[in-house]
Amino acid sequence: MDYLHQRTPDINAPHPDMILLDMSLPKLDGMKVLERIKSDPDLRSIPIIALTNCRADPEIINACDLHVTGFIIKPVDFKQFVEIIKRTCNFWLSVAVLPSVDKQNN
């Protein structure tokens, strides 16, 4: 959150084009992070892909209510996980048209 709000040494860094958000974060629940990002007018247009271990409908429904862009169920196999992340990033950063969220470009 500090990076997104430019409260780090990289204060002039642009906002990310997309966020891969693990819903099982150790300190701050992924759902709370999603809620904070989507409630911030400067950040809410950043696409967020949620990484989750479960297919539980309540988590998916809650995240959809918070305007998550999509879900990836994390595979157990590390090679499969890396391949899925590569394909996801390729699509979102090379194929999809994204809104400009960098304040310097607005």
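Above this text you will find the structure in question.
Worth saying up front: this structure is predicted, and the values here are computed from it rather than measured.

A. Expanded view of the sheet that holds strand 1 (residues 19-22). In space, the 3 strands of this open sheet follow the order 1-2-3, with parallel pairing throughout. Whereas interior strands pair on both sides, the edge strands pair on one side only; in this sheet they are strand 1 and strand 3 (70-73). The sheet shows a mean angle of 25° between the axes of neighbouring strands, taken without regard to direction. In terms of strand pairing, strand 2 (residues 48-52) meets strand 3 through 4 bridges, oriented parallel. Each residue of the ladder has a partner; that of T52, found in strand 3, is I73. Lying over the sheet, helix 1 (residues 30-38) contacts strand 1 and strand 2, oriented at roughly 145° with respect to strand 1.

Procedures and definitions
Numbering of residues begins from 1 in every chain and follows the order in which that chain's sequence is written. Only residues with pLDDT of at least 70 get local features here, since the model is predicted, and only at 80 or more are side-chain atom pairs given and counted; chain-wide, interface and lining totals rely on the full set of residues. Only hydrogens and water are set aside; all other atoms, that is, all heavy atoms of the structure, feed into the side-chain values. Strands were regarded as paired on the criterion that DSSP finds at least two bridges between them. The helix count covers DSSP runs of H or I at least four residues long, the strand count covers runs of E at least two residues long, and both are numbered beginning at the N terminus. Note on geometry: axes are C-alpha line fits, over the in-contact stretch for helices, and angles between N-to-C directions span 0 to 180 degrees. The criterion used for residue contact is that any of the two residues' heavy atoms lie within 4.5 Å.

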